[in-house]
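# Fold and geometry: a report
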Amino acid sequence: MNERMDTIEIFDGIRFPGFMHTLESLKAACAFQFQDTDILLVTFPKSGTTWMQQVLSLIFCKGHLWPIHHLPNWARMPWIEQSSFSSLLPKLNSSWPRLLTSHLSAKVLAPALMKSKAKVVYMARNPKDTLVSFYYFHRIAGFLPEPGSFEDFVDEFLEGTGFFGSWFDHVKGWLGLQKDLNLLFVTYEELHQEPRRTIQKLSEFLGQSLGPEEEDVILEHCSFSFMSQSSMVNYSLLSKEIIDHSQGKFLRKGIVGDWREHFTSELDEKFNAVYQSKIGDSGLCLPWTMD
Ligand SMILES: Nc1ncnc2c1ncn2[C@@H]1O[C@H](COP(=O)(O)OS(=O)(=O)O)[C@@H](OP(=O)(O)O)[C@H]1O
């Protein structure tokens, strides 16, 4: 077992797994000096981060794999809050803008971000599917303490007491800054349902023009089936080795609506009541139907 596997860092009242974060790395992220040319992908965990990391890096490669095929997603677009960040930052491709990733909340990251004109891609996913994906991830990542029942996990998610804090606060915080930041909001569902249109929207936001053939190659190289076979999309947090995706662990199902296989009607009602109380009156227009 990694010696930090059972440690937890608490930062701004939020729990972070200690094997990837230290208090120093979390504080350093909040003081990070963004450049105007930086591109920051922000997500709540399990919202399609790895998928979007693949799409964004492919846009800059015009769909080609050779500039990135040797680099796992975490080295191509490192998480600014992780302890490995300071060693990865100098290795980023110097002919591109810096492509960065974060799971941090708007509250802690926005002050640093607002000092620059960096572009932010904020990706979110139906919270019920996010929750289900997160539940399984807790098992493969070896987060400790191990999650109890699925019902307990739902309670923790609704209370926002789990790792990375509250999904509701995360989405509300970042989308509340749409006017203050150069931010594009993208959902997992739209990338799933209209991948070409979503890639066009992203490339336009990033100022990268793509031809139809380049779009075709990007579509192929970011598909679930392609990424499932790629050893460079992620690596095991436990063993620090490249994950064998053919075993279907990290890229688990990659579908919209898997929550229906997991939520009882009672759990669903409980979830919808909290969703309504936290999001319903927020004025945010989110694209999911909760039933
Ligand atoms: N290409 C592609 N197409 C569709 N879905 C995809 C793709 N790549 C990753 N995924 C799914 O995204 C889920 C993992 O989310 P994250 O990458 O955000 O996880 S993490 O926060 O970086 O740990 C996880 O969702 P679930 O399958 O529902 O668990 C992955 O399967």
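Here is what the cut-offs are and how they apply
Residues numbered from 1 in each chain as written. Predicted model: local features only at pLDDT ≥ 70, side-chain atom pairs only at ≥ 80, totals over all residues. Heavy atoms only, no water. Helix = DSSP H or I, 4+ residues; strand = E, 2+ residues; numbered from the N terminus. Buried < 20%, exposed > 50% of the residue type's maximum accessible area, 1.4 Å probe, protein only. Polar contact = N/O pair within 3.5 Å; in protein donor to acceptor, adjacent residues only side chain to side chain. Contact = heavy atoms within 4.5 Å. Core = buried A, V, L, I, M, F, W, Y, C linked by side-chain atoms within 4.5 Å. Near = heavy atom within 4 Å. Areas by Shrake-Rupley, 256 points an atom, 1.4 Å probe, with all protein chains shown as cover. Nonpolar A, V, L, I, M, F, W, Y, C, P; charged D, E, K, R; others polar. pLDDT = per-residue confidence, 0-100. Phe/Tyr/Trp six-rings, centres within 6.5 Å; stacked < 30°, edge-to-face > 60°. Lys NZ or Arg CZ within 6 Å of the ring centre and 35° of its normal. Axes fitted to C-alpha atoms, helices over the stretch in contact; angles between N-to-C directions. Parallel < 35°, antiparallel > 145°, perpendicular 65-115°, else oblique. Left-handed = near helix turned anticlockwise from the far one by under 90°. Pairing = 2+ DSSP bridges. Expected span 1.5 Å × (residues − 1). Salt bridge = Lys/Arg side-chain N within 4 Å of Asp/Glu carboxyl O.

## Section: the side chain of N126
Its location among the elements puts N126 in the loop between β5 (119-124) and α6 (127-141). N126 sits in the buried class, given a relative accessible area of 5%. A distance of 2.8 Å separates a polar side-chain atom of N126 from the backbone nitrogen of K128. When neighbours within four sequence positions are excluded, N126 is seen to be in contact with E189, W259, W288, T289 and M290.

## As for the nonpolar core
Counting 87 residues, the largest nonpolar core has M52, W167, W174 and F271 as the members making the most contacts within it. Ranked by residues supplied to this core, first place goes to helix α2 (residues 49-60) with seven residues. Filtering out sequence-adjacent residues up to four positions away, W174 remains in contact with V42, L104, S105, A106, L109, L113, V120, Y122, L181 and L183.

## What to know about the site of the ligand
Neighbouring the ligand are 21 residues; T49, T50, S133, Y188 and K253 lie closest to it. Note that a nitrogen atom of the ligand is positioned 3.2 Å from one of the side-chain N or O atoms of W51. Measuring from an oxygen atom of the ligand, one finds a backbone N or O atom of K253 at 2.7 Å. A total of 640 Å² of accessible area belongs to the ligand in isolation, and the protein chains cover 97% of it. The element that contributes the greatest number of residues to the shell around the ligand is α2, accounting for three residues. Class assignment of the residues belonging to the shell around the ligand gives a composition of nine nonpolar, eight polar and four charged.

## Some details on the confidence of the model for the chain
Residues with a pLDDT of 70 or more make up 89% of the chain, whose mean pLDDT is 89. Reported for the predicted complex are a pTM of 0.95 and an ipTM of 0.99.

## Here's the deal with the packing of aromatic side chains
Enumeration according to the criterion identifies 24 aromatic pairs in this entry. Centre to centre, the rings of F44 and F134 are 6.0 Å apart; their planes meet at 90 degrees, and the pair counts as edge-to-face. Here F44 is found in the loop between β3 (39-43) and α2, whereas its partner F134 is found in helix α6, with 90 residues between them in sequence. F134 shares its class with F44; the two are buried. Directly above the aromatic system of F137 lies the positively charged group of K46, at a separation of 3.6 Å from the ring centroid. One cation-aromatic arrangement involves K128 over W259; the distance from NZ or CZ to the ring centre is 4.1 Å.

## Describing the packing of α2 against helix α10 (residues 195-206)
Two elements in contact, α2 and α10, have axes whose closest approach is 11 Å; the angle formed by their N-to-C orientations is 60 degrees. As the angle between them shows, α2 and α10 are arranged oblique. Handedness of the crossing formed by α2 with α10: right-handed. Between α2 and α10, the residues in contact are M52, V55, L56, I59 and F60 and I199, L202, S203 and L206, respectively.

## Here's the deal with the pairing of strand β4 (residues 99-102)
A two-sided burial pattern is seen for β4, the buried positions comprising L99 and T101 on one face and L100 and S102 on the other. Of the pairings in the sheet, the one linking β3 to β4 comprises four bridges and is parallel in character. Residue pairing for β4: L40 is matched across the bridge by L100.

## Quick look at the side chain of S57
Examined against the element boundaries, S57 turns out to sit in helix α2. Side-chain polar atoms of S57 contact the backbone oxygen of Q54, separated by 3.3 Å. In contact with S57, other than residues within four places in its own chain, are I68, R76, W96 and L99.

## Topic: the sheet that holds strand β6 (residues 182-187)
One key point about sheets: their strands pair by backbone hydrogen bonds, in either a parallel or an antiparallel sense. Taken in spatial order, the four strands of this open sheet run β4-β3-β5-β6, and their pairing is parallel. Lying at the two open borders of the sheet, with one neighbouring strand each, are β4 and β6. Each strand of the sheet is rotated relative to its neighbour by a mean of 20 degrees, with strand direction disregarded. Across the sheet, α10 lies against β3, β5 and β6, angled at about 170 degrees from β6, the strand it touches most.

## Considerations on α2
Between its terminal C-alpha atoms α2 stretches 17 Å, which fits the 16 Å expected from 12 residues at 1.5 Å a residue. α2 sits mainly inside the fold: 12 of its 12 residues count as buried. K62 sits one or two positions beyond α2 and adopts a positive phi of about 55 degrees.

## Side note on the pattern of salt bridges
Using the criterion set out here, one finds 11 salt bridges in the structure. A salt bridge links K270 to D155, with the shortest nitrogen-to-oxygen separation between them at 2.7 Å. Placement of the pair is K270 in helix α13 (residues 265-280) and D155 in helix α7 (residues 150-159), with a sequence separation of 115 residues. Classification of K270 by relative accessible area gives partly exposed; the value is 38%.

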